[in-house]
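Structural characterization, general
Listed below, chain by chain, are the residues.
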Amino acid sequence: MDFLTALDPHTTISPAILYFGTPVSLLSTVDEQGHPNLAPNSSLWWLGQNAVIGIGSRSQTAQNLLATGEVVINLPSEHEVDHVDRLALTTGRREVSARRQAAGYRHVRDKFAEARVTPLDSETVAPPRIAEFPVHVEGVVAKVHPLGGAANAAEADLLAVEVAVARVHVRESLRLAGHANRVDPERWDPLMLSFQRFFGLGAETRPSRLATIDEEWYRGSSAPVAAG
């Protein structure tokens, strides 16, 4: 332990949120009548060819996912942050709780117009993609996991929604030269959220030994998890 570390001891705290840094997305879904909804989300992680989305069960997005089982995870870079922020404090639910109203939430029917983005037809699912965003991940719901000990989704406040990825679209400028199916991480600059504030990814801190494994090694096998 160096001198400066010794002068900065750990302190026990109880934070209300645990957003130490996660990617931002806009989730496209449709209801049973086919009306689209967009919602900002930053509870998202990946394992193999699957995504896991954390979401409040009473949101319009959660209701759409349960009803239709389809989603597009639209991933912005730093350059699209304004589109994302335009949807802050909005909801697709017509009934806005008093608690949410007090926090500034309001109902918006046309989220695409509110965010000033253009819907683009998807190829494998009904929800539209966002034309202005550099990455689109189409997927279908594989399983819904109620959190907090709830017996089912109807009783839960929070859900972890497992999504099987069906198709991925990226801008040509993000592709790694010489590889048909790889993204160049030096060109991809995802928008991140840390404790309710937007950040970019920043420069690479150092070369990774894990990166010596070719990405294709993971195709059709278990995901790159800790091997210890």
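Predicted model only: the values in this text are computed from it and were never measured.

1. Considerations on the overall build of the chain
Check the secondary structure of the chain and you find five helices and 14 strands. Taken against the 2.2 N^0.38 rule, which gives 17 Å for 228 residues, the C-alpha radius of gyration of the chain at 19 Å falls within 12% of a compact globule. The principal-axis extent of the C-alpha atoms belonging to the chain is close to 55 × 50 × 35 Å. Contacts in the chain between residues far apart in sequence, at least 24 positions, make up 60% of those at least 6 positions apart.

2. Considering the nonpolar core
One finds Ile53, Ile55, Ile73, Leu75 and Val161 to be the most contacted residues of the largest nonpolar core, which totals 19 residues. Counting only elements with at least two residues in this core, the list comes to β5 (50-56), α2 (60-68), β6 (70-75), β11 (135-146) and β12 (158-170). Excluding residues within four positions of it along the chain, isoleucine 73 makes contact with Ser25, Leu26, Leu27, Leu44, Trp46, Ala51, Ile53, Val135, His136 and Val137. Ranked by size, the runner-up nonpolar core spans twelve residues in total, among them Leu38, Ala115, Val117 and Phe133.

3. A short note on the environment of leucine 176
Of note, leucine 176 is situated in the loop between β12 and β13 (192-194). In this view, leucine 176 contacts Arg182, Val183 and Asp184; residues no more than four positions away in its chain are not counted.

4. Notes on a nonpolar patch on the surface
On the surface, a cluster of nonpolar side chains totalling about 410 Å² of accessible area is made up of Ile17, Leu18, Phe20 and Phe195. In this structure, phenylalanine 20 sits in the loop between α1 (3-6) and β1 (22-23). When its relative accessible area of 63% is taken as the criterion, phenylalanine 20 is described as exposed.

5. A word on the sheet that holds β13
Either a parallel or an antiparallel arrangement is found when strands of a sheet pair, and the pairing is made through backbone hydrogen bonds. The strand order across the open sheet formed by three strands is β1-β13-β14, and the pairing between neighbours is antiparallel. The open sheet has two free edges, formed respectively by β1 and β14 (197-199), since each of these has just one partner strand. Note: β1 against β13, two bridges, orientation antiparallel. Along β13, the bridge assignment pairs threonine 22 with leucine 193.

6. Regarding the sheet that holds β12
Strand order in the open sheet formed by seven strands is β3-β2-β6-β11-β12-β5-β4, with antiparallel pairing between adjacent strands. Pairing within the sheet leaves two strands with one partner each, and these edge strands are β3 (36-41) and β4 (44-47). On average, each strand axis in the sheet is tilted by 30° relative to the strand beside it, whichever way the strands run. Running over the sheet, α2 touches β2 (25-30), β3, β5, β6, β11 and β12 and is turned about 50° from β2.

7. Topic: unusual backbone geometry
Phi at arginine 116 is positive, roughly 60°, even though this residue is not glycine. Inspection of the secondary structure assignment puts arginine 116 in the loop between α5 (111-115) and β9 (119-120). Overall, the relative accessible area of 55% leaves arginine 116 in the exposed class. Positioned with a positive phi, glutamine 196 is a non-glycine residue whose angle comes to about 75°. Among the structural elements, glutamine 196 can be located in the loop between β13 and β14.

8. A look at the environment of valine 125
Examined against the element boundaries, valine 125 turns out to sit in the loop between β9 and β10 (129-130). A relative accessible area of 8% places valine 125 in the buried class. Considering only alpha carbons, one finds valine 125 and tryptophan 45, 80 residues apart in sequence, at a separation of 20 Å.

9. Considering the side chain of threonine 91
Mapped onto the elements, threonine 91 comes out in strand β7 (residues 90-91). With relative accessibility at 8%, the residue threonine 91 sits in the buried group. Not counting chain neighbours up to four residues away, the residues in contact with threonine 91 comprise Val96, Arg100, Arg106, His107, Val108 and Lys111.

10. Remarks on the pattern of salt bridges
Two side chains with opposite charge may pair up if their charged atoms get near one another. Under the criterion given, the structure shown has eight salt bridges. Here glutamate 95 makes a salt bridge to arginine 93, at a shortest N to O gap of 3.9 Å. In this structure glutamate 95 comes out as exposed when scored by relative accessible area, which is 57%. For arginine 93, a relative accessible area of 24% puts it in the partly exposed group. Salt-bridge contacts for glutamate 138 lead to arginine 129; the nearest nitrogen and oxygen are separated by 3.9 Å.

What counts, and where the lines are drawn
Residues numbered from 1 in each chain as written. Predicted model: local features only at pLDDT ≥ 70, side-chain atom pairs only at ≥ 80, totals over all residues. Heavy atoms only, no water. Helix = DSSP H or I, 4+ residues; strand = E, 2+ residues; numbered from the N terminus. Rg over C-alpha atoms; globule rule 2.2 N^0.38 Å. Contact = heavy atoms within 4.5 Å. Core = buried A, V, L, I, M, F, W, Y, C linked by side-chain atoms within 4.5 Å. Buried < 20%, exposed > 50% of the residue type's maximum accessible area, 1.4 Å probe, protein only. Patch = residues over 30% accessible without salt bridge, like charges linked within 9 Å, V, L, I, M, F, W, Y side chains within 5 Å. Areas by Shrake-Rupley, 256 points an atom, 1.4 Å probe, with all protein chains shown as cover. Salt bridge = Lys/Arg side-chain N within 4 Å of Asp/Glu carboxyl O. Pairing = 2+ DSSP bridges. Axes fitted to C-alpha atoms, helices over the stretch in contact; angles between N-to-C directions.

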